[in-house]
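Below, each chain spelled out in residue letters.
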Amino acid sequence: MNPVADIKNNDQNGSDPILLMAVLLLLIVGTVMIFSSSSIVAQEKFGDGYYFLKKQLSFLLFGFVVMIFLSKMSYRYLRYVAYGGIILSVVLLVLLMVPGLGITVKGATRWLRVCGFSFQVSEVVKITLVIFMAHYLDKKREHRKEFTRFFPVPLIVTGIILILVLRQPDFGTAVIMAAAVVTMFYLAGSRIIYLAGFFAALIPIGVILVLHESYRLKRVMTFLNPWDDPQGAGFHIIQSFISFGSGGIFGVGLGNSMQKLFYLPEPHTDFILSVIGEEAGFLGVFAVVLLFTVFIIRGFMISFHCRDLFGSLLAAGLTTIVALEAFINMAGVMGLIPTKGLVLPFLSYGGTSLIISMALVGILLNISSQGGEEKPKVTVQVLT
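Residues numbered from 1 in each chain as written. Predicted model: local features only at pLDDT ≥ 70, side-chain atom pairs only at ≥ 80, totals over all residues. Heavy atoms only, no water.

Asker: Looking at this structure, how should I read the overall build of the chain?
Answerer: Broken down by element type, the chain carries 14 helices and 3 strands. Its C-alpha atoms give the chain principal-axis dimensions of about 55 × 50 × 45 Å. Taking all contacts inside the chain whose residues are at least 6 apart in sequence as the whole, residues at least 24 apart take part in 74%. For the chain, the accessible area works out to roughly 17600 Å², and carbon and sulfur atoms hold 69% of it. Positive and negative side-chain charges of the chain, numbering 28 and 21 respectively, have mean locations separated by a distance of 7 Å. (Helix = DSSP H or I, 4+ residues; strand = E, 2+ residues; numbered from the N terminus. Contact = heavy atoms within 4.5 Å. Areas by Shrake-Rupley, 256 points an atom, 1.4 Å probe, with all protein chains shown as cover. Lys, Arg positive; Asp, Glu negative; His and termini not counted. Charge placed at Lys NZ, Arg CZ, Asp CG, Glu CD.)

If you want it as structure tokens, here you go:
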């Protein structure tokens with residue numbers, strides 16, 4: 001294969017325009033709302049109301065470069081980084097434990113500082129894990145009936161990754177990674193009985209992890225009754241409720257949110273949807289949900305229409321990650337599930353998250369344009 005030839009051929013093949021349009025609209029909404037929700041905080045902390053906006057625009061510019069590059073270079077070349085990428089991911093997760101390299105924020109060590117730059121390691125690991133799983137499951141697809149030849153290696157690799165992510169700690173990201181892996185196993189044709197056993201093992205582990213850490217249990221109790229401690233643990237989610245309630249149908253107007261004035265925690269990151277709900281109302285939130293729904297539908301359509309099993313699994317895994325991140329964030333700030341410190345893809349402020357999300361989009365666009373070129377793959381059947 002010739003990378004240059006692939007890029008030229010890609011220029012002649014159309015990527016999914018609907019998925020691209022949904023992403024561009026989300027990015028526009030996100031950029032506007034980051035400025036609206038962060039200007040007061042930025043002025044107070046840094047003396048520059050445009051501080052977060054300027055940084056986000058620089059991340060956005062770099063993200064576009066990455067997205068365009070990956071949309072033009074054939075996704076099949078990602079096979080060559082499957083093993084090296086997963087090894088590098090483990091190394092980076094281990095380096096978080098090294099004093100002076102790992103950056104701890106609010107009790108979680110998720111950022112790595114290298115040569116003066118910092119990035120969130122788990123964001124990178126999400127993509128490398130999906131690439132590894134897609135490559136391995138495709139390579140071993142003829143053995144998908146055999147547990148000993150199909151399951152052990154990806155389960156061991158996933159287990160190591162999840163343990164290191166949970167040690168940060170980052171329970172939400174670990175759940176998302178596990179769900180993406182299960183989805184890929186299912187679409188690769190794994191036996192239902194094996195997946196059921198996997199789920200049966202994960203549920204008690206999840207319960208133990210929640211009960212073992214007091215802050216996780218506190219989040220669950222706060223979710224059940226936030227008004228039990230309205231000035232303490234329940235304060236933030238109650239302020240989020242007030243934001244959505246104040247917005248009504250049409251919202252109070254762009255820039256007019258009151259809850260972003262030091263009531264909501266991180267209004268430009270975790271709770272940006274609450275600000276959208278207050279300023280743009282129910283219609284604004286509905287539009288965001290609709291755009292994510294379009295993205296998810298198009299992402300899985302790309303997966304199902306791809307005639308290359310590697311590309312199909314890759315698209316499904318990446319789409320699952322975005323779908324779960326969006327659901328967990330939106331459901332959390334609406335009080336439908338316990339809150340979790342996950343950003344809203346494409347909308348929330350954050351360099352690593354934005355760049356990785358746009359890289360993910362670039363891969364999906366590439367699969368949509370090149371995924372139909374190979375001969376049909378072996379029919380995937382659910383084996384019971």
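Asker: Honestly, the pairing of strand 2 (residues 108-114) in this entry has me stumped. Any pointers?
Answerer: A regular strand places its side chains so that they alternate between the two faces of the sheet. As paired strands, strand 1 (residues 102-105) and strand 2 are joined by 4 bridges and run antiparallel to one another. Bridge assignment links Thr-104 to a residue of strand 2, and that residue is Thr-109. Counting the residues that bridge the hairpin from strand 1 to strand 2 gives 2 residues, and of these Lys-106 lies at a positive phi of roughly 55 degrees. Of the strand pairs in this sheet, strand 2 and strand 3 (residues 117-120) are connected by 4 bridges, and their pairing is antiparallel. Residue pairing across strands places Leu-112 opposite Phe-119, the latter belonging to strand 3. (Pairing = 2+ DSSP bridges.)

Asker: Looking at this structure, how should I read the sheet that holds strand 1?
Answerer: Backbone hydrogen bonds hold the strands of a sheet together, and the pairing may be parallel or antiparallel. In space, the 3 strands of this open sheet follow the order 1-2-3, with antiparallel pairing throughout. Looking along the sheet, the strands with just one partner apiece sit at the ends: strand 1 and strand 3. Between one strand axis and the next, the sheet turns by 40 degrees as a mean value, whatever way the strands run. Relative to the sheet, helix 5 (residues 121-139) contacts strand 2 and strand 3, its axis offset from that of strand 3 by approximately 55 degrees. (Axes fitted to C-alpha atoms, helices over the stretch in contact; angles between N-to-C directions.)

Asker: Quick question: what am I supposed to make of the pattern of salt bridges here?
Answerer: Once their charged atoms are close, side chains differing in charge can pair, the charge on each being opposite to the other. Overall, the coordinates contain 11 salt bridges when judged by the stated rule. Overlapping salt bridges bring together Arg-76, Arg-79, Asp-138, Arg-141 and Asp-308 as one network. (Salt bridge = Lys/Arg side-chain N within 4 Å of Asp/Glu carboxyl O.)

Asker: Whenever I open this one, the packing of helix 8 (residues 171-187) against helix 13 (residues 309-333) confuses me. Can you help?
Answerer: Helix packing geometry: the angle between the two helix axes and the distance between the axes. Their axes nearest at 9 Å, the elements helix 8 and helix 13 cross at an angle of 145 degrees. Classified by chirality, the crossing of helix 13 by helix 8 is right-handed. On the side of helix 8, the interface is formed by Ile-176, Ala-179, Ala-180, Thr-183, Met-184 and Leu-187, while helix 13 contributes Leu-313, Ala-316, Gly-317, Thr-320, Ile-321, Leu-324, Glu-325 and Ile-328. Residues of the contact of helix 8 with helix 13, tallied by class, amount to 10 nonpolar, 3 polar and 1 charged. (Left-handed = near helix turned anticlockwise from the far one by under 90°. Nonpolar A, V, L, I, M, F, W, Y, C, P; charged D, E, K, R; others polar.)

Asker: What is the right way to look at unusual backbone geometry in this model?
Answerer: The bulk of non-glycine residues show a negative phi, and the bulk of peptide bonds are trans. Here the amide bond leading from Gln-168 into Pro-169 is cis, since omega sits at 0 degrees, within 30 degrees of zero. Mapped onto the fold, Pro-169 is located in the loop between helix 7 (152-166) and helix 8. We note that Phe-262 has phi near 70 degrees; this positive angle belongs to a residue other than glycine. Here Phe-262 lies in the loop between helix 11 (235-247) and helix 12 (272-305). In the Ramachandran plot, Glu-266 falls in the positive-phi region, its phi being about 50 degrees despite a non-glycine side chain.

Asker: For this particular structure, what's the right way to read the packing of aromatic side chains?
Answerer: Each aromatic ring pair is summarised here by two numbers: the centre-to-centre distance and the angle between the ring planes. Summed over the entire model, instances satisfying the criterion amount to 19 aromatic pairs. Look at Tyr-83 and Phe-132: their rings are 5.8 Å apart centre to centre, the planes differ by 75 degrees, and that puts the pair in the edge-to-face class. One end of the pair, Tyr-83, is in helix 4 (residues 82-95); the other, Phe-132, is in helix 5, with 49 residues separating them in the sequence. Three or more aromatic residues link up through ring pairs in this structure, and these residues are Phe-46, Tyr-51, Phe-52, Phe-59 and Tyr-349. (Phe/Tyr/Trp six-rings, centres within 6.5 Å; stacked < 30°, edge-to-face > 60°.)

Asker: Mind showing me how you'd approach helix 11 here?
Answerer: Since one α-helical turn is 3.6 residues long, residues separated by three or four positions face the same way. When the terminal C-alpha atoms of helix 11 are compared, their 19 Å separation across 13 residues agrees well with the 18 Å that a helix rising 1.5 Å per residue should span. Where helix 11 terminates, the next one or two residues include Gly-248, which has phi positive at roughly 60 degrees. (Expected span 1.5 Å × (residues − 1).)

Asker: Would you mind going over the packing of helix 2 (residues 17-46) against helix 3 (residues 51-72) with me for this structure?
Answerer: Relative orientation of the contacting elements helix 2 and helix 3 amounts to 155 degrees, with a least axis distance of 6 Å. The pairing of helix 2 with helix 3 is recorded here as roughly antiparallel in orientation. Contacts between helix 2 and helix 3 pair Leu-20, Leu-24, Leu-27, Thr-31, Ile-34, Phe-35, Ser-38, Val-41, Ala-42 and Phe-46 from the former with Tyr-51, Phe-52, Leu-53, Gln-56, Leu-57, Leu-60, Phe-64 and Met-67 from the latter. Tallied by class, residues from the contact of helix 2 with helix 3 come to 15 nonpolar, 3 polar and no charged. (Parallel < 35°, antiparallel > 145°, perpendicular 65-115°, else oblique.)

Asker: Can you walk me through a nonpolar patch on the surface in this structure?
Answerer: On the surface, a nonpolar cluster with roughly 660 Å² of combined accessible area is contributed by Ile-203, Val-207, Leu-211, Leu-217, Met-221, Phe-223 and Leu-224. For the nonpolar patch, the elements supplying multiple residues, two or more each, are helix 9 (192-212) and helix 10 (214-224). Ranked by the residues each element gives to the nonpolar patch, the list is headed by helix 10, at 4 residues. If you trace the backbone, Leu-211 turns up in helix 9. Residue classification places Leu-211 among the exposed positions, given a relative accessible area of 54%. (Patch = residues over 30% accessible without salt bridge, like charges linked within 9 Å, V, L, I, M, F, W, Y side chains within 5 Å. Buried < 20%, exposed > 50% of the residue type's maximum accessible area, 1.4 Å probe, protein only.)

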